[in-house]
Amino acid sequence: MTLRPHCTCRAQGQGLLFRQLFEPESCTYTYLLADRKTKEAVLIDPVLETVKRDVKLVKELGLNLLYAANTHCHADHVTGTGLLKKLLPGCRSVISQDSGALADILIREGHSLEFGAFALEARSTPGHTDGCLTYVLNDKSMAFTGDALLIRGCGRTDFQQGTGDLGGECWGEGGDRLPWGRGIPWTVVVTVAMGT
């Protein structure tokens, strides 16, 4: 699955740089977003094994990586935020305060990560883990779900304080936990973190 052509074209018209990256061992997608004008950037769900690739891309594009944000605490791979912070001074790690993990910035529902003219709003989407977040772009054109929503399914709920008791669907009865169930249009591009 690749969103690159659609999202890249859509983003360019808004002044947003968008890159979808892939780590094949854990089948994890990582997303780089940046304001083309200010060069401020966010990296969502970085993986330790691909940090050098990510740092190289950030430097090639002349970006200032403000945040390395995780959608949740990952069991299938080690996050790359720690190494990113060492290699790119000024970068701060971000995760849900409900995850039980450590980060420079602990966030919850409604918190925004601003980068240039853009922002990602955190939406609580528990189920896969109790600290799962979906990041929604401020114009509501994209939602980054992490493992809460996978290609052909939703994330496992049987470990890391996950719960399948959300009304029988991936994200609750009638989709009330879906990011677009709370003011997000159905035209939003939903991105996932894993290709399984």
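Here the residue numbers are simple positions, counted from 1 along each chain's written sequence. Totals for whole chains, interfaces and linings use every residue, but because this is a predicted model, local features are given only for residues with pLDDT of at least 70 and side-chain atom pairs only at 80 or more, for both listing and counting. Calculation of side-chain values draws on the structure's entire complement of heavy atoms; hydrogens and water are dropped beforehand.

1. A word on the overall build of the chain
Here is step 1: Within the chain, the regular secondary structure consists of three helices and 11 strands.
Here is step 2: Runs of E in the DSSP output that reach at least two residues are strands. Runs of H or I that reach at least four are helices, and both are numbered from the N terminus. Each helix (α) and strand (β) of the chain, taken in turn from the N terminus, gives the series α-β-β-β-α-β-α-β-β-β-β-β-β-β.
Here is step 3: Exposed residues in this analysis have more than 50% of their type's maximum accessible area, buried residues have under 20%, and partly exposed residues fall in between, with area computed by a 1.4 Å probe over protein chains only. Across the 196 residues that make up the chain, the buried fraction comes to 51%.
Here is step 4: Contacts spanning at least 24 positions in sequence make up 57% of the contacts within the chain whose residues lie at least 6 apart.
Here is step 5: Per-residue and other accessible areas follow the Shrake-Rupley method at a 1.4 Å probe size, with only the shown protein chains counted as cover for residues. For the chain, the accessible surface area stands at approximately 8700 Å², while carbon and sulfur atoms represent 53% of it. Contact criterion: two residues are considered in contact whenever any of their non-hydrogen atoms come within 4.5 Å of each other.

2. Some thoughts on the packing of aromatic side chains
Here is step 1: Between the rings of Phe, Tyr and Trp (Trp by its six-membered ring), a pair exists once the centres lie within 6.5 Å; its type follows the angle of the planes, with under 30 degrees stacked, over 60 edge-to-face, and the other angles tilted. According to the stated counting rule, one finds five aromatic pairs in the structure shown.
Here is step 2: Residues Phe22 and Tyr29 carry aromatic rings whose centres are separated by 4.9 Å and whose planes lie at 50° to one another, so their mutual orientation is tilted.
Here is step 3: Here Tyr29 falls in the buried class, since its relative accessible area comes to 8%.
Here is step 4: Geometrically, the ring pair formed by Tyr29 and Tyr31 is stacked, given 6.5 Å between the ring centres and 25° between the ring planes.
Here is step 5: Among the aromatic residues, those joined into a ring-pair cluster are Phe18, Phe22, Tyr29, Tyr31 and Phe144.

3. Let's talk about the pairing of strand S4 (residues 64-69)
Here is step 1: Among the six residues that make up S4, five are buried, leaving the element largely enclosed by the rest of the structure.
Here is step 2: When DSSP locates at least two bridges between a pair of strands, those strands are taken to pair. Note: strand S3 (residues 40-44) against S4, five bridges, orientation parallel. From the neighbouring strand, Ala41 faces S4, where its bridge partner is Leu65.
Here is step 3: Look down the strands so they point away from you; if the path from the first strand over the helix to the second goes clockwise, the crossover is right-handed. On the question of chirality, the crossover connecting S3 to the parallel S4 by way of helix H2 (residues 51-60) is right-handed.
Here is step 4: Note: S4 against strand S5 (residues 92-96), three bridges, orientation parallel. Counted as the bridge partner of Ala69 is Val94 from S5.

4. Notes on the sheet that holds S4
Here is step 1: The strand order S1-S2-S3-S4-S5-S6 describes an open sheet built from six strands, whose pairing is mixed. In this open sheet, the two strands that pair with only one neighbour each are strand S1 (16-23) and strand S6 (105-107). Each neighbouring strand pair of the sheet contributes to a mean axis angle of 20°, computed without reference to strand direction.
Here is step 2: Against the sheet, H2 contacts S1, strand S2 (28-35), S3 and S4, and its axis sits at roughly 160° relative to S1. Angles shown run from 0 to 180 degrees and are taken between the N-to-C directions of axes, each axis being a line fitted to C-alpha atoms and, for helices, limited to the stretch in contact.

5. Here we look at the nonpolar core
Here is step 1: Ranked by size, the top nonpolar core spans 23 residues in total, and within it Leu33, Ile44, Val94, Phe115, Leu120, Tyr135 and Phe144 carry the most contacts.
Here is step 2: The contacts of Phe115, once residues within four sequence positions are left out, are Leu16, Leu33, Ala34, Asp35, Glu40, Ala41, Val42, Leu66, Leu120 and Leu137.
Here is step 3: Buried Ala, Val, Leu, Ile, Met, Phe, Trp, Tyr and Cys residues form a nonpolar core when they are joined through side-chain atoms within 4.5 Å. Within the second largest apolar cluster, 16 residues are counted, among which are Leu32, Ala41, Leu43 and Val58.

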